[in-house]
There are 2 protein chains.
Amino acid sequence: MNLDNIRIVLVETTHPGNIGGAARAMKNMGLLNLFLVNPKSHPDPKSTWRAASANDVLERAKVVDSLEDAVADCHFVVGTSARQRRIPWPSVDARGCALEISRLTENERVAILFGREDRGLTNEQLVLCNLHLQIPTSDDYSSLNVAMAVQIICYDLLIQSKYSGEFEHIESNWDSPFSTNEDMQRFYLHLEETLTEIGFLEPTAPRQLMPRLKRLFNRVRLDEMELNILRGILSESQKLARKNR
Amino acid sequence: MNLDNIRIVLVETTHPGNIGGAARAMKNMGLLNLFLVNPKSHPDPKSTWRAASANDVLERAKVVDSLEDAVADCHFVVGTSARQRRIPWPSVDARGCALEISRLTENERVAILFGREDRGLTNEQLVLCNLHLQIPTSDDYSSLNVAMAVQIICYDLLIQSKYSGEFEHIESNWDSPFSTNEDMQRFYLHLEETLTEIGFLEPTAPRQLMPRLKRLFNRVRLDEMELNILRGILSESQKLARKNR
């Protein structure tokens, strides 16, 4: 586990105190990379106060306009989610997530996303993710404060990094680098365009087609060569569709 | 593990926000018994605000004058501590503590103590304890916010009570059965046929195309609905290719 390759992304956080609390929680557990997507107030004295000796984490936090910018160069994106969505997504608990991403962080960048206090991540934001993470809670009160959620997840990451025996994984010694999130988003645009042109996707009645295909390909983590093959197939199909018009 | 037999004891807490944060952290994890030893300000609007929907925990919190009163009827007392004391004490980490006390809570009352924000529990207070608990942290910044410490410990207690070490698997509660090997072999024939018809696969020079695509789809484990979507796309492309001949 290389904690330097993990970034915590807070999306549209409303209360600056939570940003400071999250920064402290991160530094306590050895994580230093914080991204803020459209924070309501930053910098803010309340967040500075809550950060205590983690002010360096706040100061070097990157503020960006869109979630896509925050994860563009990441190879694996995890979204925290309090509830099951309409389409089930591969999901783990906090401990399972730490186990799952520990091997990835050796060479690749991993982002963990936290949504807005009052509603969490939206369905559109969750579709960007390779994996969903649910923190186990009491059934009576499952809504965690966002800084607390950051604390628990960073804690499990630290524990995993400190104490776990290493194990070899299926994807060690892969023959091609894995795709970034940005590459995947371009592929999805190409896929959607092609399915429309060949008449398989009806834009006025898209049903759950694209979310299901995204879930499929996010689950597999395409390498660059596989991505090229799939895009080659799409281009060939487009050519046929255009000749037919 | 019987979480009802565990009480959280906050000793001389200075900031009411931390009391509220601790109450919420407790309720999120299914713990409801809070004791406050000489809190600086209680009740307080700041703690009410931070408690959110855990106000019932705050309202039924017992306020006492001395730590001795807070633990008098307990059978086992755990003290949280950031550092090793002069006299080594039996000590565990948060996870070890959850394991250690899980069997006690069936019939006995257990208290977990958290000291004042600026100095933690004093040596005199720690001597009251059966066990000391240290939360693992980064060496660079080991001082946790007290509500965060409560959150981590309650989290490990919940995990211990819910799963006793087990964690949920990524693919539990999937919405469609996974495909059989037989279905997959049929899909691969369909895929190969289609790629040939649209001119992407040259049968006399197939290179590593099919093995790479098989590795991709075997890695993902397609469910039946996904398989149907992919075969639908293949059929549509075949139609186009045949029209074009």
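You'll find the structure just up there.
**Observations regarding helix 9 (residues 209–220) of chain A**
One full turn of an α-helix is made of 3.6 residues, so residues set three or four places apart face in the same direction.
Phase 1 of the analysis: Counted at 1.5 Å a residue, the expected span for helix 9 of chain A with its 12 residues is 16 Å, and the 17 Å between its end C-alpha atoms agrees.
Phase 2 of the analysis: For helix 9 of chain A, a buried count of 11 out of 12 residues is recorded, marking the element as mostly surrounded by other parts of the structure.
Phase 3 of the analysis: Of all the residues in helix 9 of chain A, the buried ones are L209, M210, R212, L213, K214, R215, L216, F217, N218, R219 and V220 of chain A.
Phase 4 of the analysis: Packing partners of the buried residues in helix 9 of chain A comprise helix 8 (181–197) and helix 10 (224–244) of chain A together with helix 9 (209–220) and helix 10 (224–244) of chain B.
Phase 5 of the analysis: With its phi angle positive at about 55°, R221 of chain A sits one or two positions after the end of helix 9 of chain A.

**Details of the sheet that holds strand 6 (residues 110–114) of chain B**
Residues and elements named next belong to chain B.
Phase 1 of the analysis: Ordered in space as 3-2-1-6-4-7-5, the 7 strands form an open sheet in which the pairing is parallel. Because the sheet does not close on itself, it has two edges, and the strands there are strand 3 (62–64) and strand 5 (91–93). On average, each strand axis in the sheet is inclined to that of its neighbour by 25°, with strand direction left out of account.
Phase 2 of the analysis: Note: strand 4 (residues 76–80) against strand 7 (residues 131–134), 3 bridges, orientation parallel. Bridged to T80 within strand 7 is L133.

**Some details on the pairing of strand 4 of chain B**
Residues and elements named next belong to chain B.
Phase 1 of the analysis: In terms of burial, strand 4 is largely enclosed, as 5 of its 5 residues are buried.
Phase 2 of the analysis: Residues F76, V78 and T80 line one face of strand 4 and the alternating positions V77 and G79 line the opposite face, and both faces are buried.
Phase 3 of the analysis: Pairing between strand 4 and strand 6: 4 bridges, direction parallel. Its bridge partner lying in strand 6, V78 is registered against I112.

Basis of the calculations
Residues numbered from 1 in each chain as written. Chains lettered and ligands numbered in written order. Predicted model: local features only at pLDDT ≥ 70, side-chain atom pairs only at ≥ 80, totals over all residues. Heavy atoms only, no water. Helix = DSSP H or I, 4+ residues; strand = E, 2+ residues; numbered from the N terminus. Expected span 1.5 Å × (residues − 1). Buried < 20%, exposed > 50% of the residue type's maximum accessible area, 1.4 Å probe, protein only. Contact = heavy atoms within 4.5 Å. Pairing = 2+ DSSP bridges. Axes fitted to C-alpha atoms, helices over the stretch in contact; angles between N-to-C directions.

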